[in-house]
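So you can see what is in the structure, the chains are spelled out below.
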Amino acid sequence: MGAGQSRRNSNASNRRGNAANGPPGNSTGGGGGGGGGYPGVAQNQQQQQQPPPQYVQYWQAGQQPPPQTQQQLQQQPTQQQQQYQHQQSNGQQALYYMQNTQQNQRYVPSPYPAPFVPTPYVPYQGNVQQHQYPMQHQAPPTMPPQHHHQPIEPQRTQTIRNQVNLKKPSLAIAPVEGKTDTLRLTFTLDATSPCTATVFWGVSELREEKNKLMCPMPPLKRVHFEKGLGQVYSAPENELLRLSDYEGGGALCTHNEQMASYPLVIRLETLTQAGRDAGHSLDELSPGCPLQPWVQSQTTYCELVRTPGQPTDTWGIRVIKQKIWVNEVSYELQDIYGIESQSCAAKDGTSSDSGAIDTGDDAGRECVICMSEPRDTAVLPCRHMCMCAPCAKALREQTNKCPICRRQVESLLKIVVQQSSSAK
Amino acid sequence: MAELPKRIVKETQRLMSEPAPGISASPHEDNLRYFDVMIQGPVGSPYEGGCFKLELFLPDQYPMEAPKVRFLTRIYHPNVDKLGRICLDVLKDKWSPALQIRTVLLSLQALLSAPNPDDPLAEDVAKAWRENEAAAMATAREWTQKYAQ
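Computed from a prediction, not measured in an experiment: that's the story for all the values here. (Residues numbered from 1 in each chain as written. Chains lettered and ligands numbered in written order. Predicted model: local features only at pLDDT ≥ 70, side-chain atom pairs only at ≥ 80, totals over all residues. Heavy atoms only, no water.)

## Topic: the overall build of chain A
When helices and strands are tallied, chain A shows seven helices and 17 strands. A total of 424 residues make up chain A; the buried ones form 48% of that total. Intrachain contacts of chain A at a sequence separation of at least 6 include 67% that bridge at least 24 residues. If you sum the accessible surface of chain A, you get close to 19,800 Å²; carbon and sulfur atoms cover 50% of it. (Helix = DSSP H or I, 4+ residues; strand = E, 2+ residues; numbered from the N terminus. Buried < 20%, exposed > 50% of the residue type's maximum accessible area, 1.4 Å probe, protein only. Contact = heavy atoms within 4.5 Å. Areas by Shrake-Rupley, 256 points an atom, 1.4 Å probe, with all protein chains shown as cover.)

Right, here's the structure in full:
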């Protein structure tokens with residue numbers, strides 16, 4: 001489309017373009033079977049007993065698309081067209097993913113937007129991008145967080161059950177008593193099946209080799225965990241971080257996304273059902289080896305944050321990103337905006353319906369439309385969890401814009417936050 | 001009249017219990033969807049010292065539809081016409097159901113601080129504003145003294 005066209009025109013064709021992209025009424029929310037699976041978005045759930053929401057949305061990290069993602073493309077055409085359309089869309093897919101692979105091998109324009117970096121809304125520019133896609137696939141711009149998002153290239157979404165989750169806010173590193181130079185890493189994890197945690201310091205990741213981790217230091221031992229929520233990892237005595245090994249630790253405070261090198265990587269691994277059935281064991285694998293098809297894992301990439309102080313500096317951890325590996329596909333975990341306040345509501349056991357004069361806190365939990373029901377539905381692709389399911393449904397009948405950012409709604413995702421009593 | 005949606009009840013409660021600075025809004029007793037609004041002219045604007053009356057009506061479709069707002073007090077402003085109608089994006093195509101009475105009124109307060117003669121409703125005022133801003137602001141101050149006390 002010509003960039004010189006008037007705003008109004010390009011807006012109109014934007015609408016048409018999107019309509020052709022995917023059925024607007026398509027809702028992922030109702031789908032996905034019940035069951036107690038679980039999510040990576042639980043990062044803000046501080047309380048241990050607090051089970052995370054049941055459904056989670058992950059964003060595909062630009063590898064081979066799983067079969068479900070193509071269904072959307074097939075939904076629209078008539079039966080006669082279907083075969084043709086299918087072939088065509090496969091062709092496009094192939095082109096797209098090949099392109100990503102090539103880019104990944106050159107260096108790293110990540111095929112998905114960096115997490116937590118919403119970009120400002122620039123009217124209609126995204127449209128141009130969309131039409132060029134996938135030929136001029138670019139790394140997303142990095143801008144300060146804002147409410148408004150620049151339309152990015154369409155991403156397909158699907159719901160996956162995650163078996164292991166590291167709770168981001170629980171990550172901490174603190175000096176061991178009596179030694180200012182030696183730090184102990186601790187974090188909390190949730191697991192729906194037995195898993196292991198492995199910590200790597202100063203690694204680089206080989207994406208083309210199934211996310212193999214290259215570690216110059218001798219690899220640390222796997223730590224085994226049983227199934228359970230809120231389990232605490234505390235670095236064993238012989239695996240503490242000695243800053244002297246890293247020239248005081250300055251290098252641990254920066255990562256390099258292009259080189260895929262990270263100061264701290266934590267990988268949680270568990271067996272898939274197929275892996276268990278085939279009699280595999282996680283102990284077969286050396287730490288950091290390429291991810292196997294029969295392994296499901298979550299990898300957290302971090303860097304350290306040093307705050308100068310007296311008598312010693314204090315250290316913290318910043319999570320760069322989290323990725324999961326399911327069925328040989330790598331997905332990046334993205335936060336759902338607004339889920340944390342919802343979890344708080346569930347934790348407190350209070351409801352926004354409590355009748356009394358409402359406090360400001362309440363406003364963060366209730367549906368922005370009816371202001372009475374708790375929020376349980378997120379908008380995709382912008383991930384604003386801001387509505388209750390009935391209001392979300394009503395909204396879709398009137399508009400296809402997210403109430404928070406006005407971005408086009410592709411689908412809705414209902415997120416069930418279970419009360420601890422009903423957790424399995 | 002159908003029962004008042006819970007959202008409107010809540011919004012009203014909050015507006016009354018924690019009013020935004022310089023803004024007051026209270027519903028009519030016989031029509032709880034109809035509000036009398038007062039906005040104080042923002043400090044530093046030509047409307048400073050003025051007290052502007054507005055009416056605000058929540059249509060049946062609210063919050064899927066924007067509230068209808070109109071100035072009752074005469075005001076010399078490029079985005080407000082003779083009848084008090086207002087040209088403001090969030091009242092039109094930029095409306096979102098996540099916005100509220102409070103946020104709309106805050107937007108109006110901001111509009112008083114930052115007139116936008118490039119998207120005018122009152123063409124004559126906007127023209128004056130573009131051609132001689134100082135004179136236009138003087139007129140606005142004059143009108144504020146005259147009508148908005």
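Structure shown, so let's carry the discussion forward.
## Here we look at the interface of chain A and chain B
The interface is formed by 17 residues belonging to chain A together with 17 residues belonging to chain B. Summed over both partners, the interface of chain A with chain B comes to about 1,500 Å²; 51% of that surface belongs to carbon and sulfur atoms. Across the pair Glu366 of chain A and Arg14 of chain B runs a salt bridge, and its minimum N-O distance is 3.0 Å. Where chain A meets chain B, there are seven residue pairs in polar contact (both at pLDDT 80 or more). Of the residues belonging to the side of chain A that touches chain B, the class tally is ten nonpolar, three polar and four charged. (Buried area = accessible area lost by both parts, 1.4 Å probe. Salt bridge = Lys/Arg side-chain N within 4 Å of Asp/Glu carboxyl O. Polar contact = N/O pair within 3.5 Å; in protein donor to acceptor, adjacent residues only side chain to side chain. Nonpolar A, V, L, I, M, F, W, Y, C, P; charged D, E, K, R; others polar.)

## Digging into the packing of helix α3 (residues 123-131) of chain B against helix α4 (residues 133-147) of chain B
Residues and elements named next belong to chain B. Axis separation between α3 and α4 bottoms out at 5 Å; the angle between their running directions is 130 degrees. Between α3 and α4, the crossing angle belongs to the class labelled oblique. Where α3 approaches α4, its residues Ala128, Trp129 and Glu131 are matched on the opposing element by Glu133, Ala136, Met137 and Ala140. Taken together, the residues of the contact of α3 with α4 sort by class into five nonpolar, no polar and two charged. (Axes fitted to C-alpha atoms, helices over the stretch in contact; angles between N-to-C directions. Parallel < 35°, antiparallel > 145°, perpendicular 65-115°, else oblique.)

## Description of the side chain of Thr270 of chain A
All names here are of chain A. Take Thr270: it is sitting in strand β11 (residues 261-271). Overall, the relative accessible area of 0% leaves Thr270 in the buried class. Among the polar contacts made by the side chain of Thr270, one reaches the side chain of Ser193 at a distance of 2.7 Å. Reaching out from Thr270, the side chain makes a polar contact with the backbone oxygen of Pro194 at a distance of 2.8 Å. Leaving out residues up to four positions away in the same chain, Thr270 has contacts with Gln163, Val164, Ser193, Pro194, Cys195, Leu282, Trp294, Val295 and Gln296.

## As for the UniProt feature "domain: RING-type" (unreviewed entry) in chain A
With numbering aligned to this structure, UniProt lists the feature "domain: RING-type" (unreviewed entry) at residues 367-406 of chain A. End C-alpha atoms of residues 367-406 of chain A are separated by 16 Å, and the span's content is 25% helix alongside 20% strand. (UniProt positions renumbered as here; feature names shortened; annotations may be inferred.)

## Notes on the nonpolar core
Judged by nonpolar contacts, the single largest core of 38 residues is most densely connected at Ile86, Leu105 and Leu108 of chain B. Broken down by element, the residue count for this core peaks at six residues, all from helix α2 (residues 101-113) of chain B. Val176, Leu252, Leu268 and Leu304 of chain A belong to the second largest nonpolar core, which has 32 residues in total. (Core = buried A, V, L, I, M, F, W, Y, C linked by side-chain atoms within 4.5 Å.)

## Re the UniProt feature "active site" (unreviewed entry) in chain B
All names here are of chain B. Here, the residues flagged by UniProt with the feature "active site" (unreviewed entry) are Cys87. Taking relative accessible area as the criterion, Cys87 reaches 14% and is therefore assigned buried. Residues in contact with Cys87, not counting those within four places in the same chain, are Asn79, Lys92, Leu111, Asp119 and Leu121.

## What to know about unusual backbone geometry
In this structure, the amide linkage connecting Leu380 of chain A to the following residue, Pro381 of chain A, adopts the cis form with an omega of 10 degrees. In this fold, Pro381 of chain A is placed in the loop between β15 (377-380) and β16 (384-387). The linkage connecting Tyr62 of chain B with the following residue, Pro63 of chain B, adopts the cis geometry, with an omega of 5 degrees. You can see Pro63 of chain B is positioned in the loop between β3 (51-57) and β4 (68-71). The residue Asn211 of chain A is not glycine, and still its phi comes out positive at about 60 degrees. Look at Asn211 of chain A and you get buried, because its relative accessible area is 3%. The phi dihedral of Arg383 of chain A is positive, around 70 degrees, even though this residue is not glycine. Within the element layout of this structure, Arg383 of chain A appears in the loop between β15 and β16.

## What to know about the sheet that holds strand β17 (residues 411-414) of chain A
Pairing between the strands of a sheet is mediated by backbone hydrogen bonds and can be parallel or antiparallel. Residues and elements named next belong to chain A. Read from one edge of the open sheet, three strands run β16-β15-β17, paired in antiparallel fashion. Both edges of this open sheet fall to β16 and β17, since each of them pairs with a single strand only. When strand polarity is set aside, the average angle formed by the axes of neighbouring strands in this sheet is 40 degrees. Of the pairings in the sheet, the one linking β15 to β16 comprises three bridges and is antiparallel in character. Residue pairing in the sheet places Val379 in a bridge with His384 of β16. (Pairing = 2+ DSSP bridges.)

## Points about a negative patch on the surface
All names here are of chain B. On the surface, a cluster of negative charge is made up of Asp89, Asp93, Asp118 and Asp119. Along the chain, Asp93 falls in the loop between β4 and α2. Under the relative-accessibility criterion, Asp93 is labelled exposed at 60%. (Patch = residues over 30% accessible without salt bridge, like charges linked within 9 Å, V, L, I, M, F, W, Y side chains within 5 Å. Lys, Arg positive; Asp, Glu negative; His and termini not counted. Charge placed at Lys NZ, Arg CZ, Asp CG, Glu CD.)

## Description of the state of the cysteines
Residues and elements named next belong to chain A. Within this structure, the stated rule accounts for zero disulfides over all chains. Here Cys386 is not cross-linked by a disulfide; its sulfur's nearest cysteine counterpart is in Cys402, at 4.9 Å. Owing to a relative accessible area of 1%, Cys386 belongs among the buried residues under this scheme. (Disulfide = S-S within 2.5 Å.)

## Considerations on the sheet that holds strand β2 (residues 34-40) of chain B
All names here are of chain B. Spatially, β1-β2-β3-β4 is the arrangement adopted by the four strands of the open sheet, whose pairing is antiparallel. Two strands bound the open sheet, and with one partner strand each, they are β1 (23-27) and β4. Within this sheet the neighbouring strands show an average axis-to-axis angle of 20 degrees, counted without direction. When β2 meets β3, the two strands line up antiparallel, connected through seven bridges.

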